[in-house]
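Coordinate analysis (summary)
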Amino acid sequence: MKILAIDTSNKPLSVAVMDNDQLLAQTTLTTHRKHAEFLMPVIEDLVKKADLTPTDLDRVVVADGPGSYTGIRMAVTAAKTIANTLGIELVTVSSLLNLALNVQRADVLINPIFDGRNQNMFTGLYRWNHGTIETVIEDQHISLGKWLPAISDYEQPILIIGDTASFEDDMRNVLHSRLLTANPLMGIPSAALLGQYGLAKSPVEDVDAVVPRYLRLTKAEADWKKLHPNEDTHNYVEKV
Amino acid sequence: MNLVARDLVLSFETSCDETSVAVIENGNKILSNIVATQIKSHQRFGGVVPEVASRHHIEQITGCIEDALRDADVTYDDLTSVAVTYGPGLVGALLIGVTAAKAVAWAHNLPLVPVNHLAGHIYAARLVEPIEFPAMALVVSGGHTELVYMPEEDKFEIIGETRDDAAGEAYDKIGRVLGINYPAGKPVDELAHQGKDTFKFPRAMDSDDNFDFSFSGLKSAFINTVHHADQIHEELSREDLAASFQQAVVDVLADKTQRALKEFPVKQLILAGGVAANKGLRERLTKEIASFKDTKLELVPLSLCGDNAAMIGAAGEMLYRHGARADATLNADPGLEFEWLADEAK
Ligand SMILES: Nc1ncnc2c1ncn2[C@@H]1O[C@H](COP(=O)(O)OP(=O)(O)OP(=O)(O)O)[C@@H](O)[C@H]1O
Ligand SMILES: [Mg+2]
């Protein structure tokens, strides 16, 4: 099975082309946040370098968020359109889980973090169990103040990766020696690991319905929902 | 075997609050034109919220592609090119169409044609009748109000534009004062037809020696009139307010357009953009054009005045013939504009 894997959830861009779990080609860039400009050229280039054409692809695996809204929209738009237009499978994977795949050790709890600004984070808690990664705490958008009590009772050490800089000191004050940090390169997503993980997952049933995992309403919608708690939020878009 | 090859454009439009995908044959025939409008969603907020718009576009995009191909009864193998709006508009909204169009073009090895949204509004006229050149377009929409001179089919030169609010924007803002939700253009137009121009609002820049417009003074005069009446508990006729506002807008648009036609004799005058649906404006231009014997008026049909991908395909086919191409690096250009007419040509 030929797989195209895409992660542009934050500043890094990572794309890989795989043949089952074998890596054929991969590009990872951290220099720009120009996903709109770079994503399709990188895909085009890698598929060519892997000696394939678009129609050879069987599956697209995408990191669908959380992350920067524009970043996850670029990846998900490209991924769902490619899957739809070629009539191939689409697998969606949490961007936090994809980062956690960088840490292949069973003796820690893995805590990937994306900065959500103002001491908020997009985060979740993962662990390896007999060779498969498991969710310990679901991905969420949460303040550091609320996240800390949620993770402070586990006995295992907690290894943080990703946008750790603005949270590390406060986390150490609570977790002390149970807080572990990693090589910063582990905070950069690998599309090859994403593709490999996506190989074993079942594809979505309805490609058209796939949307990014924002984990957060827009401010306008959140304010509106407060005033209209019972309103059905479906069917706001009409084909005319 | 089909002897006459059909040129088929698959076109994308996501610049604001409509997700639209169309299939256009030979640049002038609509085989399909799917429009998914988000108006209901943004009405919750009284106007378009950009992040919400982007989120709706990504929900809709592939479903619209499927519907467009199915309704047109064509497959990817039949297509000649892919055309997409890359500006002007909301950057996050534009990027959904641009990314999807790039993905489709790459997957099926099709040429990609970048289209200016306003060229699309103008080229909607072509879906009714061929455009004859030189032509002049009065583009009046939610974000733009400009007179565009077209010496040839692929040349767009601005000769005048609004210095502040766009006409549609002014409609939406005074609509709010009358308690009408966005988009207010159509309801205000309807109210206007039941009233009279009793308030005589200012016609800004009407006698200036240029082709530019200004609507913010008119908008302020309108708002001040309503607020003043509120303070002294006087009830004003909504119909007369709307009629007076609309008369001022139509006067300025029609006067400047007439002056432009005198200085730039053209074979066709095209009225395009969302506000081109305005009944008062259509009636007025229809009357005025009678004194320009060599100029035909082309009113974009009501169904194609608002944003849609059919118009992007109509412009895209023309641009394709002139060699316009984008590669996979195509980005959205939210501030994209036509050039001004070069000074020496004036
Ligand atoms: N009958 C009408 N009279 C006046 N204005 C109208 C009428 N119908 C629609 N409009 C206005 O047209 C505008 C929408 O036009 P359109 O969709 O072309 O704008 P846009 O795409 O948001 O802006 P742009 O095309 O400049 O990027 C709105 O402001 C709406 O109020
Ligand atoms: Mg428009």
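In what follows, the structure referred to is the one given above.
Residues numbered from 1 in each chain as written. Chains lettered and ligands numbered in written order. Predicted model: local features only at pLDDT ≥ 70, side-chain atom pairs only at ≥ 80, totals over all residues.

Describing the pairing of strand 10 (residues 296–299) of chain B
Strand residues, when the strand is regular, have side chains that alternate between the two faces of the sheet. Looking at chain direction, strand 9 (residues 268–272) of chain B and strand 10 of chain B are connected through 4 bridges and run parallel. Bridged to L269 of chain B within strand 10 of chain B is L297 of chain B. (Pairing = 2+ DSSP bridges. Helix = DSSP H or I, 4+ residues; strand = E, 2+ residues; numbered from the N terminus.)

Things to note about the packing of helix 8 (residues 238–263) of chain B against helix 9 (residues 279–288) of chain B
All names here are of chain B. Axis separation between helix 8 and helix 9 bottoms out at 10 Å; the angle between their running directions is 35 degrees. As for how helix 8 packs across helix 9, the hand of that crossing is right-handed. Of the residues in helix 9, those in contact with Q246, V250, L253, A254, T257 and Q258 of helix 8 are G280, L281, R284, L285 and E288. Tallied by class, the residues present in the contact of helix 8 with helix 9 amount to 5 nonpolar, 4 polar and 2 charged. (Axes fitted to C-alpha atoms, helices over the stretch in contact; angles between N-to-C directions. Left-handed = near helix turned anticlockwise from the far one by under 90°. Contact = placed C-beta atoms within 7 Å. Nonpolar A, V, L, I, M, F, W, Y, C, P; charged D, E, K, R; others polar.)

Describing the interface of chain A and chain B
Taken together, the contact pairs 32 residues of chain A with 36 residues of chain B. Going through the elements one at a time, helix 1 (35–49), helix 2 (69–86), helix 7 (219–227) and strand 11 (238–239) of chain A are the ones with two or more residues in the side of chain A that touches chain B. Looking at which element gives the most residues to the side of chain A that touches chain B, the answer is helix 2 of chain A, with 13 residues. Taken together, the residues of the side of chain A that touches chain B sort by class into 18 nonpolar, 6 polar and 8 charged. Pairing analysis gives 2 bridges linking strand 11 of chain A to strand 3 (residues 29–37) of chain B, with the strands arranged antiparallel. Pairing of E238 of chain A across the sheet is with T37 of chain B, part of strand 3 of chain B.

Focus: helix 2 (residues 50–72) of chain B
Residue and element names in this part refer to chain B. Its 23 residues give helix 2 an end-to-end C-alpha distance of 31 Å, which sits within 8% of 33 Å, the value for a rise of 1.5 Å per residue. Along its length, helix 2 shows its largest kink, about 40 degrees, at Q60. Phi turns positive one or two residues past the end of helix 2, at D73, with a value near 60 degrees. (Expected span 1.5 Å × (residues − 1). Bend = angle between axes of the 7 residues up to and from the residue.)

Observations regarding the sheet that holds strand 9 of chain B
Taking strand neighbours across the sheet as the criterion, the 6 strands line up as 10-9-6-7-8-11 (chain B) in an open arrangement whose pairing is mixed. Each of the sheet's edge strands pairs with one partner strand only, and the pair in question is strand 10 and strand 11 (339–340) of chain B.

Details of the pairing of strand 2 (residues 18–25) of chain B
Residues and elements named next belong to chain B. A large share of strand 2 lies buried, amounting to 7 of its 8 residues. As defined by bridge partners, strand 1 (residues 8–13) adjoins strand 2 across 6 bridges and the pair is classed as antiparallel. Looking across to strand 2, one finds that V9 is bridged to I24. Counted between consecutive antiparallel strands, the loop separating strand 1 from strand 2 contains 4 residues. Here 8 bridges tie strand 2 to strand 3, and the two strands are oriented antiparallel to one another. Note that in strand 3 the partner of E18 across the bridge is T37. (Buried ≥ 20, exposed ≤ 12 C-beta atoms within 10 Å, placed from the backbone.)

Let's talk about unusual backbone geometry
Residue and element names in this part refer to chain B. Backbone torsion omega between F133 and P134 reads 0 degrees, so that peptide bond is classified as cis. At the junction of Y182 and P183, the peptide bond is cis and its omega measures out at -15 degrees in the coordinates. For P183, the location among the structural elements is in the loop between helix 5 (167–177) and helix 6 (185–192). Positioned with a positive phi, N109 is a non-glycine residue whose angle comes to about 55 degrees. Within the secondary structure, N109 is located in the loop between helix 3 (91–107) and strand 5 (112–116). Since 10 C-beta atoms lie within 10 Å of it, N109 is described here as exposed. Residues other than glycine seldom take positive phi values, yet M205 does so here, at roughly 65 degrees. Within the fold, M205 resides in the loop between helix 6 and helix 7 (216–231).

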